Amino acid sequence: MIEVRNLQVRYQSSQGLVHAVQGVSFTVGTGQFYTLLGPSGCGKTTTLRCIAGLETPQEGEIVIDGEVVYSSAKRLVVPTYRRDIGMVFQSYAIWPHMTVYENVAFPLHESRTRMPRTVIRDKVRRALELVHLGGLENRPAPFLSGGQQQRLALARAIVREPKVLLLDEPLSNLDAKLRESMRFELRALIKRLGITTVYVTHDQLEALTMSDRVSVMNLGRIAQESSPFEIYRRPNDRFVANFIGLANFLEARVSHPANASGLGEATTSVATLKCILPNNAAVGETVVLVVRPEDITLASSQDRSQGNQLQGKVVSAVFLGDALDVRVSVGDSVLQVKLHPSSAISEGDVILLEFPADRCLALVS
Amino acid sequence: MSVATIALSKVMRLPTLLRRDAMSYAIFALTLVLVASPIAFLVLGSFSSAKIPGDLVFSGLSFSNYRAVWADPSLPQILYNTLFYAVGATTIGVVVAIALAWLVERTDIRCKTLIYAAVPLTLAMPGLLQAMAWVLLMSPRIGFVNQALREGAGFQEPVFNIYSMQAMILIEGLRLVPTAFLMLVPLMRSMDPMLEEAASTCGANAISALRKVTLRLMLPGVLAITIYQFITAIEAFEIPGIIGMPAGVLVFSTKIYLLLIQTSSLPVYGQANALAMLYLVIALVGMYFYGRAVSHSERYSIITGKGYRPQLIRLGRWRYLATVLTWAYIVVAVIMPVTVLAYVSFLPTLRLPSMATFGVFTLDNYREILESPFIATIVTNTVIMSVVTATATAVLSFAIAMVVVRSRFWGRRVLDQLAFAPSAIPGMVLALAFLWVFLQVDKAVPGVFGTIWSIAIAFTVAFLPYGTRTMNAAILQVHRDLEEAAYASGSRQWRVMQRIFFPLMVPALIGVWVWTILHAARIIGIPLLLYEGTKNQVLAVLMWNMWEQGQLPAVAAIGTLLTMVLLAITLGMRIIGFGRNLDKS
């Protein structure tokens, strides 16, 4: 439904030339919920605004539903108003001089074919009911709460049933509780409508829980594009591993190449660990081992057949309610471990940690 | 589809860009001419040794005017008078305003709404009329208060003498209160009371929290307001003109006026310019410190709170005293001048109020005004001049602000500075500068000098700083998202302008327009210097002339009507403004 090819965006700022987007390419399938995830300044919002046509890139091509809307080669830019999109802004951009009804009716009044008044009224009512704002039609827009404004912005974006829905950090201005419930509500609504969606966020939890596919962006490039599960389980590089979830990093050297199932061995300063090893990793090569805190458990025995074991000394143990956050010093590094809250562990204890080989990922730098 | 789109996009983009750039250049050029030409002629004229401005030639430039001004033995006195007058009036104005603002914002004084409404009301009464009202009250010979004391209490000598520096300072000080009050209230309101509460949690009592936190944080803001008021007092012409000139107490603005209007000899334009240059330098120094104070106070802008209402300070038994003093101010500054003016407007000749005077009350003054075709012409002049000025100011300010805030035009910073520059020029100096401009223009294109258009042009330049500040802020407030959301809804550019941008700008445009009308209708300096006869006489000049001729009841009638109209406009705006604020909250 959406194709973005080799997008390049540069602009002049007070700090000099900024290369905001550097060759971003991706495809979003029909009905897919696609998320651009990354820290601020990574180029995710710029990419979204290019799809909307609010910004014009220097190079590349953007296709929406088979129609080329931007192409540097063909010197073609379709203005925003001719693109079949709906967009929700971070600030919601609710027009303060209009009522709730007028805000939602606006896109319909702007449609190229004139719509009968009754049709417009019908569509507006349906859109407002979808976002649970029915009955507030005549209220001036500034009289809405933050959550209501957010839903009004959504209603306005979907009212003309666009092919593509663009969302720019729509939940970031809501308080934590509301944000959590809106995550599920928003995804359920979008899935019910079946609209192809591009979602921009810096919140990994939103990206993981809502998306069909996630692109992690960094410094104007896509660092990795995968399903949420893959992104979390099999990060491509240290940036992605670090940006999504928590991770321990251990410097190591490959000591045994990968077998048929992809498992090999690497040696750190204190131990040799079984890990998932890329096929091209040669013996002696430096790698970084990634282990998630929640994958590490307390070993019940000295039996190492299950995977890897490491002995260390507890530096700190902090009770988090649903978990015990333990820092364990192993050799010259400190591992962060998430243990069951009932674990009887205190500072200074020497403990034996265990994690399976397939939860230890080697990244070739 | 795609072929059509190529054509469309090309057609749309190129000319829009070109047109926009050409527009930016045009706006820049217009502003440059409007602002730079008076300043240029002011400077040139100060070196011109020609007898009249029309004879200005480059070969005739010399320092003779400056020498003459410096040699004038009255110069040190004028310098001293101006500074003493401004410092005194500013002190009174700011102290009273701080007291009033603090009482209504932070204490449990009664009738707050009434005080909020009454204090700014003084603004509706032109300074010229206020000065006249005070003369009617306190003049040694005709002043009602002095007469009453003489007849009632047996005083031989007049008790009050309006024709003195002290009286001028007091009246100018009272005139500064409403503006200072309106600037101080938001300053006090934006103080986050949590900062004060934090001091309390650190063990500070109410007084020391106020002293060590609140006042410290407010100090830069108060300083900026004080300097602003000081500049206003330095530039004032109305009270020095009506009260100071007959008393022989001259300040810069009245001295320049006398140099041009003196009856004993020919006007000395060049010397007026040389004196104006000195005056301008003083105002520029004031503006420099004002700019520094503002940027300093903006460093504290984190103090803008979230609208929590602070704990009100209980005045206890002081409450009655505070209420009485507040009402004393309102009676003296607002009610008395308006009442005395209205009273005189019903009299055939001046006389003390008594039961008998109500018997001779007459509407003759009003009837004469309303039936006089001469005054009708002047009212028409005033209305046309005000409306043209207001429209030109609003449109030009909007255009400049669009370039400054929204475009990437290379000269936008310079343009912004250019539009703000007139704020540093005292009204009388700007009037003199435009007198020179129009006398030069008259040589090439006769017919502009001596018309209401010349007054409208000069006023537009004078109000440009206010207009562009307001429009800049208004355009900045319309977040780009609001327009982009419309593009994303399928709107074309002109539709976005029409449905989103323009409706959101309307309040600011109307605000600038009405503010300009209110000010153009009452300021005397510019129309007085550009006045060339009935053709371009406006109400302020008419009242000035009639006052000089001693037609006091007639002036009072005109003034009462003008004040009522200005008051009605102010109140109307306020009611509409309140409605809008209700929408926003």
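Look up a bit, the structure's there.
Residues numbered from 1 in each chain as written. Chains lettered and ligands numbered in written order. Predicted model: local features only at pLDDT ≥ 70, side-chain atom pairs only at ≥ 80, totals over all residues. Heavy atoms only, no water.

Q: Pulling in residues and values, what's your account of the overall build of chain A?
A: For chain A, the count of helices and strands is eight helices and 21 strands. The principal-axis extent of the C-alpha atoms belonging to chain A is close to 75 × 50 × 45 Å. For chain A, the residues scored as buried account for 51% of the 365 residues in total. Put simply, 63% of the contacts in chain A that link residues at least 6 apart link residues at least 24 apart. Total accessible area on chain A stands at roughly 16,300 Å², and carbon and sulfur atoms take up 48% of it. Put simply, chain A has 39 plus and 37 minus side-chain charges, and the middle of one group is 7 Å from the middle of the other. (Helix = DSSP H or I, 4+ residues; strand = E, 2+ residues; numbered from the N terminus. Buried < 20%, exposed > 50% of the residue type's maximum accessible area, 1.4 Å probe, protein only. Contact = heavy atoms within 4.5 Å. Areas by Shrake-Rupley, 256 points an atom, 1.4 Å probe, with all protein chains shown as cover. Lys, Arg positive; Asp, Glu negative; His and termini not counted. Charge placed at Lys NZ, Arg CZ, Asp CG, Glu CD.)

Q: So what's going on with the overall build of chain B? Which residues, and what values?
A: Across its full length, chain B carries 24 helices and zero strands. Counting the 585 residues in chain B, one finds 51% classified as buried. In chain B, 76% of the contacts between residues at least 6 apart in sequence involve partners at least 24 apart. When the accessible surface of chain B is split by element, carbon and sulfur atoms take 69% of a total near 27,600 Å².

Q: How would you summarise unusual backbone geometry if you had to cite specific residues and measurements?
A: Phi at A:Leu219 takes a positive value of approximately 50 degrees, unusual for a residue other than glycine. By secondary structure assignment, the location of A:Leu219 is in the loop between strand E10 (213–218) and strand E11 (221–226). Backbone geometry places B:Cys111, a non-glycine residue, at a positive phi of 55 degrees. Relative accessible area serves as the criterion here: at 39%, B:Cys111 is assigned to the partly exposed category.

Q: Quick rundown of the sheet that holds strand E9 (residues 196–201) of chain A? Include the residues and the values.
A: All names here are of chain A. Read from one edge to the other, the open sheet built from six strands follows the order E7-E8-E9-E3-E10-E11, with strand pairing classed as mixed. At either end of the open sheet lies a strand with only one pairing partner, and these are strand E7 (85–88) and E11. Across the sheet, the mean angle from the axis of one strand to that of its neighbour is 15 degrees, orientation sign disregarded. For strand E3 (residues 33–37) and E9, the ladder comprises five bridges, and the chain directions are parallel. Paired with Phe 33 across the strands is Thr 197, a residue of E9. Each of E7 and strand E8 (164–168) touches helix H4 (residues 146–158); the most contacted strand, E7, lies at about 170 degrees to it. (Pairing = 2+ DSSP bridges. Axes fitted to C-alpha atoms, helices over the stretch in contact; angles between N-to-C directions.)

Q: Quick one: what's the story with helix H6 (residues 144–153) of chain B, residue by residue and with numbers?
A: Residue and element names in this part refer to chain B. All of the buried residues along H6 are Phe 144, Asn 146 and Gln 147. Down the axis of H6, the buried set is contained in an arc of 165 degrees. They therefore lie on one face. On its buried face, H6 is in contact with helix H5 (127–138) and helix H13 (318–345). The first or second residue beyond H6 is Gly 154, which carries a positive phi of 75 degrees. (Arc of directions from axis to C-beta.)

Q: Which residues make up the pattern of salt bridges, and what values do they have?
A: Residue and element names in this part refer to chain A. Under the definition given, this model contains 22 salt bridges over all chains. In this structure, Glu 161 engages Lys 123 in a salt bridge whose closest nitrogen and oxygen atoms are separated by 3.8 Å. Here Glu 161 is found in the loop between H4 and E8, whereas its partner Lys 123 is found in helix H3 (residues 117–130), with 38 residues between them in sequence. Taking the relative accessible area as the measure of exposure, Glu 161 reaches 51% and is therefore exposed. Linked through salt bridges whose partners overlap, the residues forming this network are Glu 3, Arg 5 and Glu 61. (Salt bridge = Lys/Arg side-chain N within 4 Å of Asp/Glu carboxyl O.)

Q: Got a sec to walk through the environment of B:Ala124? Specific residues and values, please.
A: All names here are of chain B. Note that Ala 124 resides in the loop between helix H4 (112–118) and H5. The class of Ala 124 is buried, set by a relative accessible area of 3%. Between the C-alpha atom of Ala 124 and that of Val 496, which follows or precedes it by 372 residues, the distance is 38 Å. Beyond its immediate sequence surroundings of up to four residues, Ala 124 is in contact with Arg 522, Thr 563, Leu 566, Leu 567 and Thr 570.

Q: An account of empty space enclosed by the protein is requested, with residue identities and associated values reported.
A: Going through the model one piece at a time under the given rule, you end up with two cavities of 30 Å³ or more. In this model, the largest cavity occupies a volume close to 60 Å³. Taken together, A:Ile85, A:Gly86, A:Met87, A:Pro107, A:Ala153, A:Arg156, A:Ala157, A:Arg160, B:Ala485, B:Ala488 and B:Ser489 form the lining of the largest cavity. Mapped by element, the contributors of at least two residues to the lining of the largest cavity are E7 and H4 of chain A together with helix H20 (480–488) of chain B. Within the lining of the largest cavity, the residues separate by chemical class into seven nonpolar, two polar and two charged. (1 Å grid on protein atoms, 1.4 Å probe; cavity = no way out; pocket = protein on both sides within 12 Å on 5 of 7 lines; lining within 4 Å. Points joined across faces, edges and corners; volume = space filled by probe spheres on them. Nonpolar A, V, L, I, M, F, W, Y, C, P; charged D, E, K, R; others polar.)

Q: So what about the environment of B:Ile78? Which residues, and what values?
A: Residue and element names in this part refer to chain B. With respect to the helices and strands, Ile 78 occurs in helix H3 (residues 75–106). For Ile 78, a relative accessible area of 3% gives the class buried. Between the C-alpha atom of Ile 78 and that of Phe 252, which follows or precedes it by 174 residues, the distance is 6.3 Å.

Q: With reference to specific residues and values, describe the packing of aromatic side chains.
A: Residue and element names in this part refer to chain B. According to the stated counting rule, one finds 29 aromatic pairs over all chains in the structure shown. Measuring from centroid to centroid gives 5.9 Å for Phe 28 and Phe 409, while their planes differ by 65 degrees, and the two rings are edge-to-face. Residue Phe 28 is located in helix H1 (residues 2–47), and its partner Phe 409 is located in the loop between helix H16 (373–406) and helix H17 (412–420); the two are separated by 381 residues in the primary sequence. By relative accessible area, which is 13% here, Phe 28 ends up buried. With relative accessibility at 2%, the residue Phe 409 sits in the buried group. (Phe/Tyr/Trp six-rings, centres within 6.5 Å; stacked < 30°, edge-to-face > 60°.)

Q: Describe the sheet that holds strand E6 (residues 76–77) of chain A, naming the residues involved and giving the relevant values.
A: Paired through their backbone hydrogen bonds, the strands of a sheet run either parallel or antiparallel. All names here are of chain A. Here we have five strands laid out as an open sheet, ordered E2-E1-E4-E5-E6, and antiparallel in their pairing. Whereas interior strands pair on both sides, the edge strands pair on one side only; in this sheet they are strand E2 (16–28) and E6. Across four bridges, strand E4 (residues 59–64) lies against strand E5 (residues 67–71) in antiparallel orientation. Bridge pairing links Val 63 to Val 68 in E5.

Q: Please give an account of the pairing of E8(A) that cites residues and values.
A: All names here are of chain A. Within E8, five of the five residues are buried, which leaves the element mostly enclosed by the surrounding structure. Neither face of E8 is left uncovered, since the one carrying Val 164, Leu 166 and Asp 168 and the one carrying Leu 165 and Leu 167 both have all their residues buried. Bridge count for E7 against E8 is four bridges, and the pairing is parallel. Looking across to E8, one finds that Gly 86 is bridged to Leu 165. In this sheet, E9 lies alongside E8 in parallel orientation, the contact comprising five bridges. Of the residues in E9, the one forming a bridge with Leu 166 is Val 198.

Q: Break down a nonpolar patch on the surface for me, citing the residues and quoting the values.
A: All names here are of chain B. A cluster of nonpolar residues, Val 281, Val 285, Tyr 288 and Phe 289, forms a patch on the protein surface that exposes about 390 Å² of accessible area. Relative to the assigned elements, Val 281 resides in helix H12 (residues 269–298). The partly exposed category is assigned to Val 281, whose relative accessible area is 46%. (Patch = residues over 30% accessible without salt bridge, like charges linked within 9 Å, V, L, I, M, F, W, Y side chains within 5 Å.)

Q: Break down the state of the cysteines for me, citing the residues and quoting the values.
A: All names here are of chain A. Counting across every chain of the model gives zero disulfides over all chains. The closest cysteine sulfur to the non-disulfide-bonded Cys 50 is located on Cys 42, 13 Å from its own sulfur. Among the residues examined, Cys 50 registers a relative accessible area of 1% and is labelled buried. We note that Cys 360 lacks a disulfide partner, and the nearest cysteine sulfur, in Cys 275, lies 5.0 Å from it. (Disulfide = S-S within 2.5 Å.)

Q: So what about the packing of H5(B) against helix H23 (residues 539–548) of chain B? Which residues, and what values?
A: Residues and elements named next belong to chain B. Where H5 meets H23, the axes come as close as 11 Å, and the angle between the chain directions of the two elements is 25 degrees. If you check the angle between H5 and H23, you find them roughly parallel. You can see that H5 and H23 cross each other, and the crossing is left-handed. Facing H5, whose interface residues are Leu 128, Leu 129, Met 132 and Val 135, H23 presents Ala 540, Met 543, Trp 544 and Trp 547. The class makeup of the residues in the contact of H5 with H23 is eight nonpolar, no polar and no charged. (Parallel < 35°, antiparallel > 145°, perpendicular 65-115°, else oblique. Left-handed = near helix turned anticlockwise from the far one by under 90°.)

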